[in-house]
Amino acid sequence: MLKGNFSNFSSFVLRGIDIEVCKHLSSTCQCISTLKRIYTTMNNVIIADFDETVTNRDTTCIVGQLPYTLDPKLKPAWSHFVDVYYEHYKKFQSNINSRVLPLLPLGKETVITDTNFTQLFHAEVDFQTSKRLLELSSTTEIESRNVFKGVKHEQVRSFVENNLQGADSLLRPGFSNFISLVPKDNFHVVSVNWSPEFIRHVIGDEKIHPHHIACNNLISDGDEYTGQFTNDLLTGSDKIKVIQQILSYYDSKESDHCLWYVGDSDTDLLSVLFPNI
């Protein structure tokens, strides 16, 4: 269990404070957010983002290359979907001024609780929710072209094993050491990535339970993809719904748990600040 290696575990956590998240917070809030309760008598549960948190780069386009590896004649080219997303992104950016930053008042100590979270961060929740249309622009286009239809889970495994190992591994330096300190039952991934099978094979089948991966799933029929997405997990506002479910699960258990969230981007801000994390 983690309690036996706690000094190593906490050094990993404190070393990995994320710059992208911190720059949107006042100094007071940074202090409150990073000086979390550290209990050596508790079981530590890690909830992690995947892309550029567990991995050393964004993997969406890597997942996108899988169907083209299987069928080099597949049309349209992946660049088409990148262009579609970029056009919608430019439109979304024109309305970016509607976002309220910093998320909390400067110079004012704020304690985040279950009762005030929604009030404190309603503007950020609304902003993140508005990003759903942007993310849907790409998944809807991919669905309409049946890009992933018929791709088998075993082909996902082979793609990772044959192309993303050794020097080409996607894992961040140090992640393998870190995950060795975390019991499999205590590790979760909450990601806007598309393939739980891809996530599991990159991390290692022996390191994470399949049901501990929450993402914007490519829907499966048996052991192959239908080409459709659930579109349930697209933005930061979607992530906190999953975080609440995980918290409720551990609250129902008899033993005490300390839950940590690790992320790298704006999509992770609400999860980092969520009460009892």
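Keep in mind that what you see is a predicted model, and the values were worked out from it rather than measured. (Residues numbered from 1 in each chain as written. Predicted model: local features only at pLDDT ≥ 70, side-chain atom pairs only at ≥ 80, totals over all residues. Heavy atoms only, no water.)

So, on to the pattern of salt bridges. Under the counting rule described, the total for this entry stands at 14 salt bridges. Taking the shortest distance from any N to any O, the salt bridge between Arg-132 and Asp-238 comes out at 2.6 Å. Taken as a pair, Arg-132 in helix H7 (residues 132–144) and Asp-238 in helix H11 (residues 236–251) lie far apart in primary sequence, 106 residues in all. Given a relative accessible area of 4%, Asp-238 falls into the buried group. Across the pair Glu-141 and Arg-145 runs a salt bridge, and its minimum N-O distance is 3.5 Å. Salt bridges linked by common partners bring Glu-154, Arg-157, Glu-161, Arg-200 and Asp-205 together as one network. (Salt bridge = Lys/Arg side-chain N within 4 Å of Asp/Glu carboxyl O. Helix = DSSP H or I, 4+ residues; strand = E, 2+ residues; numbered from the N terminus. Buried < 20%, exposed > 50% of the residue type's maximum accessible area, 1.4 Å probe, protein only.)

Now for the packing of helix H5 (residues 78–93) against H7. Remark: H5 packs on H7, axes separated minimally by 9 Å, with the N-to-C direction vectors making an angle of 155°. Judged by the inter-axis angle, H5 sits roughly antiparallel to H7. As for the relative orientation of H5 and H7, their crossing is right-handed in sense. Between H5 and H7, the contacting residues are Trp-78, His-80, Phe-81, Val-84, Tyr-85, His-88, Tyr-89 and Phe-92 on the first element and Leu-134, Glu-135, Ser-137, Ser-138, Glu-141 and Ile-142 on the second. Split into classes, the residues belonging to the contact of H5 with H7 amount to eight nonpolar, four polar and two charged. (Axes fitted to C-alpha atoms, helices over the stretch in contact; angles between N-to-C directions. Parallel < 35°, antiparallel > 145°, perpendicular 65-115°, else oblique. Left-handed = near helix turned anticlockwise from the far one by under 90°. Contact = heavy atoms within 4.5 Å. Nonpolar A, V, L, I, M, F, W, Y, C, P; charged D, E, K, R; others polar.)

This part covers the pairing of strand E1 (residues 43–48). Of all the six residues making up E1, six are buried; the element is thus mostly covered by neighbouring parts of the structure. By the alternation rule, side chains of E1 split into Asn-43, Val-45 and Ile-47 and Asn-44, Ile-46 and Ala-48, which are all buried. Where E1 lies against strand E6 (residues 257–262), six bridges are found, and the strand directions are parallel. Its bridge partner lying in E6, Ile-47 is registered against Tyr-261. The pairing of E1 with strand E2 (residues 187–190) spans three bridges and is parallel. Looking at E2, one finds that Ile-47 is bridged to His-188. (Pairing = 2+ DSSP bridges.)

Across the sheet, which stays open at both edges, the four strands sit in the order E3-E2-E1-E6 with parallel pairing between neighbours. Edge strands, defined here as strands with exactly one partner in the open sheet, are strand E3 (213–214) and E6.

With that settled, consider the packing of aromatic side chains. One pass over the full model with this rule turns up 12 aromatic pairs. Both rings, one in Tyr-68 and one in Trp-78, keep their centres 6.4 Å apart while their planes meet at 75°; by these two values the pair is edge-to-face. Of the two residues, Tyr-68 sits in helix H4 (residues 60–70) while Trp-78 sits in helix H5, which places them 10 residues apart along the sequence. The buried category is assigned to Trp-78, whose relative accessible area is 10%. Here the aromatic rings of Trp-78 and Phe-81 are separated by 5.5 Å at their centres, their planes lie at 50°, and the arrangement is tilted. One end of the pair, Trp-78, and the other, Phe-81, are both in helix H5, three residues apart, so they sit about a helical turn from each other. (Phe/Tyr/Trp six-rings, centres within 6.5 Å; stacked < 30°, edge-to-face > 60°.)

A few words now on the confidence of the model for the protein. On average, residues of the protein carry a pLDDT of 87, and 85% of them reach 70 or more. A low-confidence stretch, residues 1–7 (pLDDT under 50), is modelled with 16 contacts involving residues beyond four sequence positions or located in other chains. (pLDDT = per-residue confidence, 0-100.)

Let us look at the side chain of Glu-143. Checked against the element boundaries, Glu-143 lands in helix H7. For Glu-143, which is buried and forms no salt bridge, the nearest opposite charge comes from Arg-132, at a distance of 10 Å. (Lys, Arg positive; Asp, Glu negative; His and termini not counted.)

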